[in-house]
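# Summary of structural features
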Amino acid sequence: MKSSHLRRSVTAQFLGVLAAFSLPLTSSYAIVAGTVDLELSLVTDISGSVDATEFNLQMSGYSSAFRNPLLHSAIESGPNGAIAVNLIFYDDTASVGVPWTILTNASEANAFADVIDGLGRPRSGLTDPAEGIDLATSEIFNNAITSTRQVIDVSGDGTSSSGGPPSLARDNALAAGIDAINGLPIGSTSLEQYYIDNIQGGTGSFTVLANDFADFQASVLEKLEREIRGELTFGEAPRLLTSGLRTTSIVVARTATRDVGDRLFRMRSGVRSEPIVTTQPAPYSSKGGMAKGGMAKTPITITERCPWEVYGQIFYVTEDTDAQYRTVRPNVPGANFPAFQQLIQPDTSTDIFGGTVGIDYDIDDHWTVGFALSASRAESDMTFVGNVDIDNLTLMPYVSYYRPIGNMAFYADLLYGYGMNEYDTRRLPTGAVGNTDGDFHTLEFNTGLNLRNGGFVHGPLAQIRWLDGEIDSYTETGPGAVFYPQADYESLATQLGYQVSYPMEMAGGTLVPQGRAAWEHEFEEDQGTVAGIPLGELDEDLAVLGLGLGYFTNCGWNAVLDYEARLGSETQSHYVGLKVGKEF
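We now turn to the structure provided with this report. (Residues numbered from 1 in each chain as written. Predicted model: local features only at pLDDT ≥ 70, side-chain atom pairs only at ≥ 80, totals over all residues. Heavy atoms only, no water.)

Spatial ordering of the open sheet is given by 3-2-1-4-5-6, a layout of six strands whose pairing is mixed. This sheet does not close on itself; its edge strands, each paired only once, are strand 3 (94-103) and strand 6 (201-202). Pairing analysis gives two bridges linking strand 5 (residues 180-185) to strand 6, with the strands arranged antiparallel. Bridging across to strand 6, alanine 180 finds its partner in glycine 202. Across the sheet, helix 2 (residues 52-67) touches strand 1 (33-45), strand 2 (83-90), strand 3 and strand 4 (144-156), and the angle it forms with strand 1 is around 155°. (Pairing = 2+ DSSP bridges. Helix = DSSP H or I, 4+ residues; strand = E, 2+ residues; numbered from the N terminus. Contact = heavy atoms within 4.5 Å. Axes fitted to C-alpha atoms, helices over the stretch in contact; angles between N-to-C directions.)

Take a look at the structure:
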């Protein structure tokens with residue numbers, strides 16, 4: 001989102017008034033200042049293929065739209081009740097036709113329409129929509145306006161015939177922070193597809209086809225109303241919030257049970273807690289140090305075992321999940337509805353802070369049982385949809401097995417987790433809030449082999465993780481409150497990978513650097529539907545990369561610092577954890 005400083009001085013107010021009387025000027029930078037719901041740049045084709053009549057039809061379409069009460073209502077319906085709009089002409093160059101103007105009511109929108117009616121065609125040349133997109137991007141990021149959304153609206157009757165590819169300009173604009181670039185092609189369905197492939201982009205972007213210039217007026221009204229009201233309709237935000245809640249709940253569950261106590265790190269490295277054996281001299285005898293019968297006394301051997309360990313662990317996770325869309329092309333006989341991109345999962349950013357405490361007990365040289373308690377708080381921001389805070393408490397019993405076999409070792413580990421979540425939601429744009437609970441069950445099995453080669457311990461590793469959870473039904477409070485039925489979520493994932501550790505014996509203990517890499521496959525990537533609309537998909541395949549450093553003293557303190565990255569086509573996450581334990 002663009003961040004602009006709002007100048008509330010008398011000077012800024014004076015300049016804003018001056019701008020209202022200076023609309024025909026071609027420079028728009030720093031003339032208008034304010035806080036609005038939307039910055040909208042209308043990028044309009046004036047190339048040689050657009051004759052004078054067609055140019056006038058375009059201008060008439062825009063002016064009629066800004067005089068329409070539907071558009072006035074849309075402008076006034078936002079949180080700030082204001083939008084900023086400019087108009088840019090492009091052929092093989094680009095220029096500002098109408099500078100930035102803030103609209104807050106019907107009279108200001110009608111005045112803006114009057115300015116458009118007075119515009120004359122400045123020139124004509126080849127067709128280069130990239131020029132228009134580049135100038136619109138510069139205009140948006142070089143004004144004194146603060147907005148929630150920034151949208152570029154490109155219209156035209158042909159493909160690029162000059163300059164660079166419009167897809168590059170689109171990608172650069174989105175990378176700079178533009179939220180969406182929408183298309184309004186005038187002509188055939190093939191041009192519509194060109195706009196979808198090369199111009200349309202960003203969160204909730206869409207393309208509306210006008211069959212010809214005469215049809216432009218109706219199409220531009222539909223398009224502008226969608227852009228001003230926002231990408232989401234009233235019914236879409238609750239569906240998308242449900243989709244985001246499911247995805248975030250899976251992240252919370254996976255984080256809570258991830259290598260509790262770093263026991264897997266230790267088993268992969270092959271560092272075991274060994275009994276401490278000490279020998280004391282035989283007791284001294286005042287009769288020559290001899291036992292009865294003339295036999296010498298033997299030294300006393302003491303074996304000290306440390307079967308118990310208590311530990312604490314803190315962790316932080318950040319995960320970004322990209323927005324997901326589906327292309328909807330209504331097929332109604334006798335009607336010509338435009339194709340559009342429907343958002344099915346919001347762009348979501350999640351931060352999790354938490355900790356774990358636990359205790360485990362070595363039954364013998366092979367078997368270990370333990371119990372841990374994890375607590376965390378997740379803060380998740382779903383772009384345009386809202387946000388959620390999740391407080392989690394998870395109970396986790398586990399059992400581990402380790403057996404050396406010659407110059408190698410086998411290990412296996414089984415963990416069960418029962419988690420309880422409390423959700424606090426806030427949905428945009430109304431600000432309605434909700435509170436509900438949920439729980440989940442998860443079962444995780446890990447196994448692997450350790451092979452010793454010189455000082456290295458390395459070998460394959462494998463995991464299977466099952467998760468089943470639900471979010472209780474609830475009703476929001478506040479404006480536009482909505483009832484949410486119970487929602488379920490599932491995951492079944494496997495990992496196959498390899499690890500390398502290098503235990504180094506030191507004076508006080510063993511230092512172990514470790515690296516690992518794995519491929520994770522998700523079998524339940526489809527998250528279901530609401531009213532027949534998909535709720536998005538989990539990444540089917542991810543790369544899981546880890547690095548860590550552990551230090552272990554025998555029958556004493558140990559510590560592990562661990563990092564892990566999960567990289568997929570839709571998801572990127574990073575985990576950092578620090579564990580400290582004490583054996584006794």
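Past the structure itself, the notes keep going.
Turning our attention to the pattern of salt bridges. On inspection of all chains with the given rule, the structure shows 20 salt bridges. Note that arginine 258 is salt-bridged to aspartate 562, the shortest N-O span being 2.8 Å. Taken together, the positions of arginine 258 in the loop between helix 9 (236-256) and helix 10 (263-269) and aspartate 562 in strand 26 (residues 557-568) put the pair 304 residues apart, joining distant regions of the chain. Aspartate 562 sits in the buried class, given a relative accessible area of 1%. The salt bridge partner of aspartate 259 is arginine 268, with a shortest N-O separation of 3.8 Å. Each member of the pair, aspartate 259 as well as arginine 268, is classed as buried. One salt-bridge network, held together by shared partners, links Arg258, Arg516, Asp562 and Glu564. (Salt bridge = Lys/Arg side-chain N within 4 Å of Asp/Glu carboxyl O. Buried < 20%, exposed > 50% of the residue type's maximum accessible area, 1.4 Å probe, protein only.)

Right, let's get into the state of the cysteines. The final tally for this structure, using the stated rule, is one disulfide. Between the sulfur of cysteine 306 and that of cysteine 555 lies a disulfide, 1.9 Å long from S to S. Around the S-S axis, the bridge from cysteine 306 to cysteine 555 shows a dihedral of about 120° and counts as right-handed. Here cysteine 555 lies in the loop between strand 25 (541-552) and strand 26 and cysteine 306 lies in the loop between strand 8 (300-304) and strand 9 (308-321), a separation of 249 residues in the sequence. With respect to burial, cysteine 306 and cysteine 555 carry one shared label: buried. (Disulfide = S-S within 2.5 Å.)

Within the largest apolar cluster, 38 residues are counted, with the highest numbers of intra-cluster contacts made by Leu42, Tyr62, Phe66, Leu103 and Leu224. Setting aside chain neighbours within four positions, we find phenylalanine 66 in contact with Leu42, Leu71, His72, Val85, Leu103, Ala109, Asn110, Phe112, Ala113, Ile116 and Leu224. Among the nonpolar cores identified, the runner-up in size contains 28 residues, and Val317, Tyr423, Leu467 and Tyr474 belong to it. (Core = buried A, V, L, I, M, F, W, Y, C linked by side-chain atoms within 4.5 Å.)

In this section: the packing of helix 2 against helix 3 (residues 69-77). Following both chains from N to C, one finds helix 2 and helix 3 inclined at 60°, their axes separated by 5 Å at the closest point. Residues Ala65, Phe66 and Arg67 of helix 2 touch helix 3, and the partners they reach there are Pro69, Leu71 and His72. Its residues assigned to classes, the contact of helix 2 with helix 3 shows four nonpolar, one polar and one charged. (Nonpolar A, V, L, I, M, F, W, Y, C, P; charged D, E, K, R; others polar.)

Right, let's talk about the packing of aromatic side chains for a bit. One pass over the full model with this rule turns up twelve aromatic pairs. Each ring, one from phenylalanine 66 and one from phenylalanine 112, has its centre 4.9 Å from the other, and the planes form 70°; the classification is edge-to-face. With phenylalanine 66 in helix 2 and phenylalanine 112 in helix 4 (residues 106-117), this residue pair connects regions lying 46 residues apart in the sequence. For phenylalanine 112, a relative accessible area of 1% translates into the label buried. An aromatic cluster of three or more residues is present, and its members are Trp308, Tyr361 and Phe584. In this structure, arginine 258 is placed above the aromatic ring of tyrosine 575, and the distance from its NZ or CZ to the ring centre is 4.0 Å. Lysine 582 extends its terminal NZ or CZ atom over the ring of tryptophan 557, reaching a point 6.0 Å from the ring centre. (Phe/Tyr/Trp six-rings, centres within 6.5 Å; stacked < 30°, edge-to-face > 60°. Lys NZ or Arg CZ within 6 Å of the ring centre and 35° of its normal.)

It is worth stressing that arrangement in space is one thing and function is another; only the former is reported here.
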